[in-house]
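Close look at the chain arrangement
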Amino acid sequence: AFTLAALNLAVRLPRFRRPVLVSGGIGVLFTLMMLTKTTALFLLPAIGWALVAPLWPQRKLAMRCSVAASGAFAATFGLWMALVIHEGLLRDYEYLFVVNKYAKPAEFYWPLLSLWWSLKGGLWIDRILVPLAGLVPVSMALAWRSCWSRRLGRDPAFGASLLAVAGYIGFMTYQNHPQPRYYAVVAFFCSFVLTMGIEAMLSSLRVNKVAGLDKQMEADGGADPRAPWMRNGAAVLGFAMMGAVIVAACLNGEWTAGLAMRPEYTLVPAARKLTSYIDQHPNGKRLLLSISGDEISMITHLPAICDDFGTQDLASKLRDYEPGWFATWNEFDPGTLEDIHSRYSVEQVATFHALDHPDRNMLVLFKLHPLPNGQVREPTTQNLQIALPGDKIEIPIE
(Lines give C-alpha, C1' and ligand atoms only; values in the text may rest on other atoms or scores of the structure.)
Protein backbone atom coordinates (compact mmCIF):
# COMPACT_ATOMS: atom_id res chain seq x y z
CA ALA A 1 0.00 0.00 0.00
CA PHE A 2 2.84 2.41 0.86
CA THR A 3 4.59 1.47 -2.39
CA LEU A 4 1.54 2.23 -4.50
CA ALA A 5 1.00 5.52 -2.64
CA ALA A 6 4.60 6.57 -3.30
CA LEU A 7 4.37 5.60 -6.98
CA ASN A 8 1.10 7.47 -7.43
CA LEU A 9 2.66 10.62 -6.03
CA ALA A 10 5.88 10.19 -8.02
CA VAL A 11 4.32 9.86 -11.46
CA ARG A 12 2.19 12.95 -10.77
CA LEU A 13 4.99 15.23 -9.55
CA PRO A 14 4.80 17.60 -12.58
CA ARG A 15 1.18 18.38 -11.69
CA PHE A 16 1.91 19.55 -8.13
CA ARG A 17 2.57 23.18 -7.26
CA ARG A 18 5.30 22.12 -4.80
CA PRO A 19 6.87 18.96 -6.22
CA VAL A 20 9.92 19.20 -3.92
CA LEU A 21 7.68 19.09 -0.84
CA VAL A 22 5.73 16.15 -2.25
CA SER A 23 9.05 14.40 -2.94
CA GLY A 24 9.82 14.69 0.76
CA GLY A 25 6.54 12.88 1.42
CA ILE A 26 7.65 10.13 -0.97
CA GLY A 27 10.82 9.74 1.11
CA VAL A 28 8.73 9.33 4.27
CA LEU A 29 6.57 6.74 2.49
CA PHE A 30 9.73 4.83 1.57
CA THR A 31 10.69 4.78 5.25
CA LEU A 32 7.27 3.29 6.04
CA MET A 33 7.87 0.71 3.30
CA MET A 34 11.19 -0.22 4.91
CA LEU A 35 9.61 -0.47 8.36
CA THR A 36 6.93 -2.76 6.95
CA LYS A 37 9.38 -5.08 5.19
CA THR A 38 13.08 -4.52 4.62
CA THR A 39 12.89 -6.08 1.15
CA ALA A 40 11.33 -2.75 0.13
CA LEU A 41 14.94 -1.77 -0.56
CA PHE A 42 14.64 -3.74 -3.80
CA LEU A 43 11.72 -1.53 -4.84
CA LEU A 44 13.88 1.60 -4.60
CA PRO A 45 14.77 1.55 -8.36
CA ALA A 46 11.04 1.56 -9.19
CA ILE A 47 10.41 4.52 -6.86
CA GLY A 48 13.42 6.37 -8.26
CA TRP A 49 12.34 5.83 -11.87
CA ALA A 50 8.79 6.99 -11.16
CA LEU A 51 10.16 10.12 -9.48
CA VAL A 52 12.77 11.12 -12.06
CA ALA A 53 11.20 10.02 -15.37
CA PRO A 54 8.29 12.54 -15.41
CA LEU A 55 10.69 15.36 -14.53
CA TRP A 56 13.51 14.40 -16.88
CA PRO A 57 12.98 17.41 -19.21
CA GLN A 58 13.49 19.59 -16.11
CA ARG A 59 16.83 18.22 -14.93
CA LYS A 60 17.39 20.67 -12.06
CA LEU A 61 13.91 20.10 -10.64
CA ALA A 62 14.40 16.34 -10.94
CA MET A 63 17.63 16.66 -8.98
CA ARG A 64 16.03 18.78 -6.23
CA CYS A 65 13.14 16.30 -5.91
CA SER A 66 15.58 13.39 -5.71
CA VAL A 67 17.56 15.13 -2.97
CA ALA A 68 14.36 15.97 -1.06
CA ALA A 69 13.12 12.37 -1.19
CA SER A 70 16.53 10.97 -0.21
CA GLY A 71 16.93 13.47 2.62
CA ALA A 72 13.46 12.79 4.04
CA PHE A 73 14.12 9.06 3.97
CA ALA A 74 17.55 9.39 5.58
CA ALA A 75 16.19 11.64 8.34
CA THR A 76 13.12 9.57 9.21
CA PHE A 77 14.81 6.18 8.92
CA GLY A 78 17.79 7.48 10.88
CA LEU A 79 15.41 8.67 13.61
CA TRP A 80 13.86 5.20 13.71
CA MET A 81 17.24 3.49 14.01
CA ALA A 82 18.27 5.89 16.76
CA LEU A 83 15.12 4.94 18.65
CA VAL A 84 15.85 1.22 18.13
CA ILE A 85 19.39 1.64 19.49
CA HIS A 86 18.23 3.84 22.39
CA GLU A 87 15.70 1.21 23.47
CA GLY A 88 18.31 -1.58 23.30
CA LEU A 89 16.56 -3.37 20.44
CA LEU A 90 19.39 -3.42 17.91
CA ARG A 91 19.91 -7.16 18.38
CA ASP A 92 16.24 -7.78 17.63
CA TYR A 93 16.48 -5.63 14.50
CA GLU A 94 19.60 -7.46 13.31
CA TYR A 95 17.73 -10.76 13.73
CA LEU A 96 15.53 -9.78 10.77
CA PHE A 97 18.58 -10.26 8.57
CA VAL A 98 20.06 -13.27 10.37
CA VAL A 99 16.90 -15.37 10.23
CA ASN A 100 16.62 -15.09 6.45
CA LYS A 101 20.28 -15.70 5.65
CA TYR A 102 20.71 -18.85 3.62
CA ALA A 103 23.89 -20.63 2.58
CA LYS A 104 24.78 -20.16 -1.10
CA PRO A 105 25.78 -23.10 -3.33
CA ALA A 106 29.45 -23.63 -4.04
CA GLU A 107 29.03 -23.70 -7.84
CA PHE A 108 30.01 -20.41 -9.50
CA TYR A 109 26.97 -20.56 -11.80
CA TRP A 110 24.41 -20.76 -8.98
CA PRO A 111 23.00 -17.25 -9.70
CA LEU A 112 21.81 -18.46 -13.12
CA LEU A 113 20.04 -21.44 -11.58
CA SER A 114 18.58 -19.23 -8.86
CA LEU A 115 17.37 -16.72 -11.46
CA TRP A 116 15.64 -19.48 -13.42
CA TRP A 117 14.05 -20.79 -10.23
CA SER A 118 12.84 -17.31 -9.29
CA LEU A 119 11.40 -16.64 -12.77
CA LYS A 120 9.70 -20.03 -12.91
CA GLY A 121 8.23 -19.36 -9.47
CA GLY A 122 6.15 -16.59 -11.05
CA LEU A 123 3.81 -19.33 -12.24
CA TRP A 124 2.64 -19.55 -8.62
CA ILE A 125 0.81 -16.29 -9.37
CA ASP A 126 -0.89 -17.51 -12.52
CA ARG A 127 0.05 -19.79 -15.41
CA ILE A 128 -1.58 -17.52 -17.99
CA LEU A 129 -1.28 -13.94 -16.77
CA VAL A 130 2.39 -13.98 -15.79
CA PRO A 131 3.66 -15.36 -19.14
CA LEU A 132 1.47 -12.76 -20.89
CA ALA A 133 2.99 -10.01 -18.73
CA GLY A 134 6.43 -11.21 -19.78
CA LEU A 135 5.33 -11.08 -23.41
CA VAL A 136 4.64 -7.33 -23.19
CA PRO A 137 8.27 -6.10 -22.84
CA VAL A 138 9.37 -8.70 -25.40
CA SER A 139 6.81 -7.34 -27.89
CA MET A 140 7.95 -3.81 -27.11
CA ALA A 141 11.56 -4.72 -27.91
CA LEU A 142 10.56 -6.35 -31.21
CA ALA A 143 8.38 -3.36 -32.17
CA TRP A 144 10.65 -0.67 -30.78
CA ARG A 145 9.96 1.70 -33.72
CA SER A 146 6.19 1.55 -33.32
CA CYS A 147 4.11 4.35 -31.86
CA TRP A 148 2.56 2.21 -29.13
CA SER A 149 5.91 0.82 -28.00
CA ARG A 150 7.55 4.23 -27.67
CA ARG A 151 4.52 5.68 -25.89
CA LEU A 152 4.48 2.79 -23.42
CA GLY A 153 8.21 3.09 -22.84
CA ARG A 154 7.79 6.74 -21.88
CA ASP A 155 5.08 5.95 -19.33
CA PRO A 156 6.78 6.22 -15.89
CA ALA A 157 4.21 3.92 -14.31
CA PHE A 158 5.05 1.20 -16.82
CA GLY A 159 8.80 1.53 -16.28
CA ALA A 160 8.34 1.55 -12.51
CA SER A 161 6.23 -1.63 -12.70
CA LEU A 162 8.90 -3.42 -14.72
CA LEU A 163 11.58 -2.33 -12.23
CA ALA A 164 9.45 -3.47 -9.28
CA VAL A 165 9.09 -6.94 -10.80
CA ALA A 166 12.81 -7.03 -11.61
CA GLY A 167 13.69 -5.84 -8.10
CA TYR A 168 11.84 -8.60 -6.30
CA ILE A 169 12.97 -11.27 -8.78
CA GLY A 170 16.50 -9.96 -8.19
CA PHE A 171 16.04 -10.22 -4.43
CA MET A 172 14.86 -13.81 -4.66
CA THR A 173 17.76 -14.62 -6.98
CA TYR A 174 20.23 -13.13 -4.51
CA GLN A 175 18.66 -14.99 -1.60
CA ASN A 176 18.44 -18.21 -3.64
CA HIS A 177 15.23 -18.77 -1.73
CA PRO A 178 12.03 -17.76 -3.58
CA GLN A 179 8.89 -18.11 -1.49
CA PRO A 180 5.22 -17.63 -2.44
CA ARG A 181 4.91 -14.60 -0.14
CA TYR A 182 7.45 -12.63 -2.19
CA TYR A 183 5.35 -13.07 -5.33
CA ALA A 184 2.48 -11.11 -3.76
CA VAL A 185 4.33 -7.93 -4.75
CA VAL A 186 5.31 -9.32 -8.16
CA ALA A 187 1.66 -10.19 -8.84
CA PHE A 188 0.49 -6.58 -8.54
CA PHE A 189 3.09 -5.18 -10.88
CA CYS A 190 2.76 -7.99 -13.43
CA SER A 191 -0.93 -7.08 -13.56
CA PHE A 192 -0.04 -3.44 -14.19
CA VAL A 193 2.45 -4.36 -16.94
CA LEU A 194 -0.10 -6.58 -18.66
CA THR A 195 -2.95 -4.08 -18.41
CA MET A 196 -0.92 -1.11 -19.68
CA GLY A 197 0.59 -3.27 -22.43
CA ILE A 198 -2.79 -4.40 -23.76
CA GLU A 199 -4.14 -0.85 -23.61
CA ALA A 200 -1.17 0.46 -25.60
CA MET A 201 -1.50 -2.28 -28.23
CA LEU A 202 -5.20 -1.65 -28.69
CA SER A 203 -4.63 2.11 -28.86
CA SER A 204 -2.45 1.55 -31.96
CA LEU A 205 -5.60 0.54 -33.85
CA ARG A 206 -7.31 3.77 -32.85
CA VAL A 207 -4.28 5.84 -33.85
CA ASN A 208 -4.09 4.15 -37.22
CA LYS A 209 -7.72 4.94 -37.96
CA VAL A 210 -7.65 8.64 -37.21
CA ALA A 211 -6.79 11.21 -39.82
CA GLY A 212 -3.25 12.56 -39.99
CA LEU A 213 -1.54 9.30 -39.01
CA ASP A 214 1.84 10.48 -40.33
CA LYS A 215 1.66 13.62 -38.18
CA GLN A 216 0.89 11.48 -35.15
CA MET A 217 3.85 9.28 -35.94
CA GLU A 218 6.11 12.27 -36.41
CA ALA A 219 5.02 13.65 -33.07
CA ASP A 220 6.08 10.37 -31.49
CA GLY A 221 9.50 10.37 -33.10
CA GLY A 222 9.14 9.65 -36.82
CA ALA A 223 6.73 8.06 -39.30
CA ASP A 224 6.29 4.29 -39.28
CA PRO A 225 7.27 3.03 -42.77
CA ARG A 226 5.47 -0.30 -42.51
CA ALA A 227 2.29 -1.29 -44.31
CA PRO A 228 -1.06 -0.68 -42.52
CA TRP A 229 -1.70 -4.39 -41.90
CA MET A 230 1.66 -4.63 -40.14
CA ARG A 231 0.87 -1.61 -38.00
CA ASN A 232 -2.37 -3.28 -36.93
CA GLY A 233 -0.50 -6.39 -35.79
CA ALA A 234 -0.09 -4.88 -32.32
CA ALA A 235 -3.86 -4.50 -32.01
CA VAL A 236 -4.35 -8.13 -33.09
CA LEU A 237 -1.89 -9.22 -30.41
CA GLY A 238 -3.65 -6.99 -27.89
CA PHE A 239 -7.04 -8.57 -28.65
CA ALA A 240 -5.53 -12.05 -28.37
CA MET A 241 -3.99 -11.21 -25.01
CA MET A 242 -7.26 -9.71 -23.82
CA GLY A 243 -9.03 -12.95 -24.73
CA ALA A 244 -6.48 -14.93 -22.73
CA VAL A 245 -6.96 -12.58 -19.77
CA ILE A 246 -10.73 -13.17 -19.88
CA VAL A 247 -10.16 -16.93 -19.90
CA ALA A 248 -7.78 -16.63 -16.93
CA ALA A 249 -10.26 -14.44 -15.06
CA CYS A 250 -13.04 -16.99 -15.56
CA LEU A 251 -10.87 -19.90 -14.43
CA ASN A 252 -9.54 -18.02 -11.42
CA GLY A 253 -13.00 -16.74 -10.56
CA GLU A 254 -14.44 -20.24 -10.58
CA TRP A 255 -11.57 -21.51 -8.42
CA THR A 256 -11.87 -18.63 -5.94
CA ALA A 257 -15.65 -19.05 -5.70
CA GLY A 258 -15.16 -22.75 -5.01
CA LEU A 259 -12.74 -22.01 -2.17
CA ALA A 260 -15.12 -19.41 -0.73
CA MET A 261 -18.11 -21.77 -0.86
CA ARG A 262 -16.21 -24.83 0.39
CA PRO A 263 -13.47 -23.56 2.73
CA GLU A 264 -11.06 -26.14 4.17
CA TYR A 265 -9.15 -24.30 6.87
CA THR A 266 -8.12 -27.52 8.55
CA LEU A 267 -5.63 -25.84 10.89
CA VAL A 268 -8.51 -24.01 12.58
CA PRO A 269 -10.31 -27.10 14.00
CA ALA A 270 -6.93 -28.66 14.83
CA ALA A 271 -5.91 -25.58 16.83
CA ARG A 272 -9.28 -25.50 18.58
CA LYS A 273 -9.08 -29.18 19.53
CA LEU A 274 -5.51 -28.75 20.76
CA THR A 275 -6.50 -25.77 22.94
CA SER A 276 -9.54 -27.63 24.26
CA TYR A 277 -7.35 -30.59 25.22
CA ILE A 278 -4.92 -28.32 27.08
CA ASP A 279 -7.78 -26.66 28.96
CA GLN A 280 -9.26 -30.03 29.94
CA HIS A 281 -5.92 -31.52 31.05
CA PRO A 282 -4.00 -28.85 33.01
CA ASN A 283 -0.23 -29.30 33.12
CA GLY A 284 1.86 -26.55 34.66
CA LYS A 285 1.72 -23.26 32.79
CA ARG A 286 -0.96 -22.82 30.12
CA LEU A 287 1.81 -21.92 27.67
CA LEU A 288 2.52 -23.74 24.41
CA LEU A 289 5.95 -24.13 22.81
CA SER A 290 5.58 -24.61 19.05
CA ILE A 291 6.90 -23.36 15.72
CA SER A 292 3.25 -22.79 14.75
CA GLY A 293 2.39 -21.22 18.08
CA ASP A 294 1.75 -17.77 16.57
CA GLU A 295 -0.94 -19.16 14.27
CA ILE A 296 -2.54 -21.18 17.08
CA SER A 297 -2.54 -18.05 19.27
CA MET A 298 -4.33 -16.06 16.56
CA ILE A 299 -6.98 -18.78 16.21
CA THR A 300 -7.68 -19.62 19.89
CA HIS A 301 -5.74 -16.99 21.93
CA LEU A 302 -3.71 -19.77 23.57
CA PRO A 303 -0.43 -18.19 24.83
CA ALA A 304 2.53 -19.56 22.88
CA ILE A 305 6.23 -19.07 22.20
CA CYS A 306 8.26 -20.32 19.23
CA ASP A 307 10.77 -23.15 19.58
CA ASP A 308 12.80 -21.99 16.57
CA PHE A 309 12.73 -18.28 15.73
CA GLY A 310 13.79 -15.46 18.02
CA THR A 311 16.88 -13.82 19.49
CA GLN A 312 16.88 -16.24 22.43
CA ASP A 313 18.06 -19.83 22.04
CA LEU A 314 15.59 -22.53 22.98
CA ALA A 315 17.39 -23.52 26.19
CA SER A 316 17.09 -19.93 27.47
CA LYS A 317 13.41 -19.77 26.49
CA LEU A 318 12.70 -22.95 28.44
CA ARG A 319 14.46 -21.51 31.49
CA ASP A 320 12.72 -18.12 31.34
CA TYR A 321 9.18 -19.07 30.26
CA GLU A 322 8.68 -22.63 31.64
CA PRO A 323 6.04 -23.81 29.12
CA GLY A 324 3.78 -26.70 30.02
CA TRP A 325 3.16 -27.97 26.48
CA PHE A 326 4.94 -28.61 23.19
CA ALA A 327 3.42 -29.13 19.73
CA THR A 328 5.20 -30.18 16.56
CA TRP A 329 4.43 -31.45 13.07
CA ASN A 330 4.68 -35.15 12.17
CA GLU A 331 8.18 -35.66 13.58
CA PHE A 332 10.41 -34.57 16.43
CA ASP A 333 13.52 -32.58 15.50
CA PRO A 334 16.47 -34.11 17.42
CA GLY A 335 18.03 -30.69 18.07
CA THR A 336 14.79 -29.42 19.58
CA LEU A 337 14.46 -32.60 21.63
CA GLU A 338 18.00 -32.11 22.97
CA ASP A 339 17.18 -28.62 24.24
CA ILE A 340 13.87 -29.73 25.77
CA HIS A 341 15.57 -32.70 27.44
CA SER A 342 17.84 -30.31 29.30
CA ARG A 343 14.92 -29.49 31.63
CA TYR A 344 11.95 -31.69 30.71
CA SER A 345 10.80 -35.16 29.79
CA VAL A 346 8.11 -35.34 27.12
CA GLU A 347 4.85 -37.25 26.91
CA GLN A 348 2.94 -37.52 23.64
CA VAL A 349 -0.73 -37.12 24.52
CA ALA A 350 -2.72 -36.23 21.37
CA THR A 351 -2.61 -35.97 17.58
CA PHE A 352 -4.80 -33.69 15.46
CA HIS A 353 -5.26 -33.91 11.69
CA ALA A 354 -4.46 -30.55 10.13
CA LEU A 355 -3.00 -29.45 6.80
CA ASP A 356 -2.91 -31.45 3.56
CA HIS A 357 0.88 -31.18 3.20
CA PRO A 358 2.57 -34.55 3.78
CA ASP A 359 5.01 -32.96 6.23
CA ARG A 360 2.30 -31.13 8.17
CA ASN A 361 -0.81 -33.26 8.16
CA MET A 362 -0.53 -34.16 11.87
CA LEU A 363 -0.23 -31.67 14.70
CA VAL A 364 1.21 -33.61 17.64
CA LEU A 365 0.84 -32.41 21.24
CA PHE A 366 3.20 -33.25 24.12
CA LYS A 367 3.10 -32.60 27.84
CA LEU A 368 6.33 -31.20 29.26
CA HIS A 369 7.23 -32.67 32.67
CA PRO A 370 9.96 -30.78 34.57
CA LEU A 371 12.89 -32.89 35.75
CA PRO A 372 12.86 -33.67 39.50
CA ASN A 373 14.28 -31.09 41.88
CA GLY A 374 14.89 -28.56 39.08
CA GLN A 375 17.55 -30.80 37.56
CA VAL A 376 19.29 -29.56 34.41
CA ARG A 377 20.79 -32.16 32.07
CA GLU A 378 23.97 -31.41 30.15
CA PRO A 379 24.31 -32.75 26.59
CA THR A 380 27.97 -33.46 27.30
CA THR A 381 27.08 -36.15 29.82
CA GLN A 382 24.56 -38.12 27.72
CA ASN A 383 22.86 -38.19 24.33
CA LEU A 384 19.77 -36.01 24.67
CA GLN A 385 18.70 -36.36 21.02
CA ILE A 386 17.01 -39.72 21.57
CA ALA A 387 14.02 -40.87 23.60
CA LEU A 388 15.00 -41.23 27.27
CA PRO A 389 13.42 -43.14 30.15
CA GLY A 390 10.33 -41.21 31.18
CA ASP A 391 9.56 -40.10 27.61
CA LYS A 392 6.61 -41.17 25.52
CA ILE A 393 7.32 -40.38 21.86
CA GLU A 394 5.44 -42.20 19.14
CA ILE A 395 6.44 -40.07 16.16
CA PRO A 396 9.83 -40.36 14.39
CA ILE A 397 12.80 -38.42 15.78
CA GLU A 398 14.40 -37.09 12.60
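See above for the structure.
Residues numbered from 1 in each chain as written. Predicted model: local features only at pLDDT ≥ 70, side-chain atom pairs only at ≥ 80, totals over all residues. Heavy atoms only, no water.

**Here we look at helix H1 (residues 2-11)**
- Within H1, the full set of buried residues consists of Thr3, Ala6, Leu7 and Ala10. Around the axis of H1, the buried residues are gathered within 100° of arc, so they sit on the same side. (Buried < 20%, exposed > 50% of the residue type's maximum accessible area, 1.4 Å probe, protein only. Helix = DSSP H or I, 4+ residues; strand = E, 2+ residues; numbered from the N terminus. Arc of directions from axis to C-beta.)

**Observations regarding the pattern of salt bridges**
- Scanning the model with the defined rule gives four salt bridges in all.
- Between Asp279 and Arg286 there is a salt bridge, and its shortest N-O distance comes to 2.7 Å.
- Here Arg319 and Asp320 are joined by a salt bridge, their closest N and O atoms 3.0 Å apart.
- Taking relative accessible area as the criterion, Asp320 reaches 40% and is therefore assigned partly exposed. (Salt bridge = Lys/Arg side-chain N within 4 Å of Asp/Glu carboxyl O.)

**Quick notes on helix H14 (residues 267-280)**
- End to end, H14 covers 20 Å across 14 residues, agreeing with the expected 20 Å (1.5 Å per residue, within 8%).
- Taken together, the buried positions of H14 are Leu267, Ala270, Ala271, Leu274, Thr275, Tyr277 and Ile278. Taken around the axis of H14, the buried residues stretch over an arc of 155°, which confines them to a single face. Along H14, exposed side chains directed more than 90 degrees from the buried face belong to Arg272, Lys273 and Gln280.
- Looking at the buried residues of H14, the elements they touch are strand S1 (288-290), helix H15 (293-300), strand S3 (325-329), strand S4 (344-353) and strand S5 (362-370). (Expected span 1.5 Å × (residues − 1). Contact = heavy atoms within 4.5 Å.)

**Section: the packing of helix H3 (residues 44-52) against helix H9 (residues 156-175)**
- Put simply, H3 and H9 touch, their axes get as near as 8 Å, and they point 170° apart. When the axis of H3 is compared with that of H9, the two are roughly antiparallel. Along its contact with H3, which presents Pro45, Ala46, Trp49 and Ala50, the element H9 presents Pro156, Gly159, Ala160, Leu163 and Ala164.
- Partitioned by chemical class, the residues of the contact of H3 with H9 number eight nonpolar, one polar and no charged. (Axes fitted to C-alpha atoms, helices over the stretch in contact; angles between N-to-C directions. Parallel < 35°, antiparallel > 145°, perpendicular 65-115°, else oblique. Nonpolar A, V, L, I, M, F, W, Y, C, P; charged D, E, K, R; others polar.)

**Notes on the sheet that holds S5**
- Taken in spatial order, the five strands of this open sheet run S2-S1-S3-S5-S4, and their pairing is mixed. Either end of the sheet is taken by a strand with one partner, and the two such strands are strand S2 (304-305) and S4.
- Here S3 pairs with S5 via five bridges, running antiparallel. Following the sheet pairing, Thr328 is matched in S5 by Val364. (Pairing = 2+ DSSP bridges.)

**Quick notes on the side chain of Asn283**
- Mapped onto the elements, Asn283 comes out in the loop between H14 and S1.
- According to the relative accessible area criterion, Asn283 is buried, its value standing at 13%.
- Within the local environment of Asn283, its side chain forms a polar contact with the backbone oxygen of Gly324, the two atoms lying 2.7 Å apart.
- In contact with Asn283, other than residues within four places in its own chain, are Gly324, Trp325, Lys367, Leu368 and His369. (Polar contact = N/O pair within 3.5 Å; in protein donor to acceptor, adjacent residues only side chain to side chain.)

**Quick word on the layout of surface pockets**
- Taken as a whole, the largest pocket holds about 580 Å³ of empty space.
- Lining the largest pocket are 22 residues, and of these Thr38, Thr39, Leu96, Phe97 and Asn100 lie nearest its centre.
- The class makeup of the residues in the lining of the largest pocket is 14 nonpolar, five polar and three charged. (1 Å grid on protein atoms, 1.4 Å probe; cavity = no way out; pocket = protein on both sides within 12 Å on 5 of 7 lines; lining within 4 Å. Points joined across faces, edges and corners; volume = space filled by probe spheres on them.)

**Here we look at the nonpolar core**
- Grouped together as the largest cluster of nonpolar side chains are 54 residues, with contacts concentrated most on Trp148 and Leu152.
- The greatest single-element share of this core, amounting to 11 residues, is contributed by helix H10 (residues 183-209).
- Formed by 17 residues, the second largest nonpolar core is a distinct cluster that contains Leu267, Tyr277, Leu288 and Ile296. (Core = buried A, V, L, I, M, F, W, Y, C linked by side-chain atoms within 4.5 Å.)

**Concerning unusual backbone geometry**
- Although it is not a glycine, Asn176 adopts a positive phi angle of roughly 55°.
- For Asn176, the position within the fold is in the loop between H9 and H10.
- Residue classification places Asn176 among the buried positions, given a relative accessible area of 17%.
- Its identity as a non-glycine residue notwithstanding, Asn373 has a phi of 60°, on the positive side.
- If you trace the backbone, Asn373 turns up in the segment after S5.
- Judged by its relative accessible area of 83%, Asn373 is exposed.

**Quick look at a negative patch on the surface**
- Residues Asp308, Glu331, Asp333, Asp359 and Glu398 make up a contiguous surface patch of negative charge.
- Relative to the assigned elements, Glu331 resides in the loop between S3 and helix H17 (334-341). (Patch = residues over 30% accessible without salt bridge, like charges linked within 9 Å, V, L, I, M, F, W, Y side chains within 5 Å. Areas by Shrake-Rupley, 256 points an atom, 1.4 Å probe, with all protein chains shown as cover. Lys, Arg positive; Asp, Glu negative; His and termini not counted. Charge placed at Lys NZ, Arg CZ, Asp CG, Glu CD.)

**Considerations on the packing of aromatic side chains**
- For the structure shown, the criterion picks out 14 aromatic pairs.
- Ring geometry for Phe189 and Phe192: centres 5.5 Å apart, planes at 90°, overall edge-to-face. With Phe189 and Phe192 both in helix H10 and three residues apart, this pair spans about one turn of that helix.
- Using a relative accessible area of 29% as the deciding quantity, one classes Phe192 as partly exposed.
- What links up through ring pairs into an aromatic cluster is the set Phe42, Tyr168, Phe171 and Tyr182.
- Seen from the ring of Tyr174, Lys104 lies directly overhead, with NZ or CZ sitting 5.0 Å from the centre.
- Here the guanidinium or amino end of Arg181 rests over the ring plane of Tyr182, the centre of that ring lying 4.8 Å away. (Phe/Tyr/Trp six-rings, centres within 6.5 Å; stacked < 30°, edge-to-face > 60°. Lys NZ or Arg CZ within 6 Å of the ring centre and 35° of its normal.)

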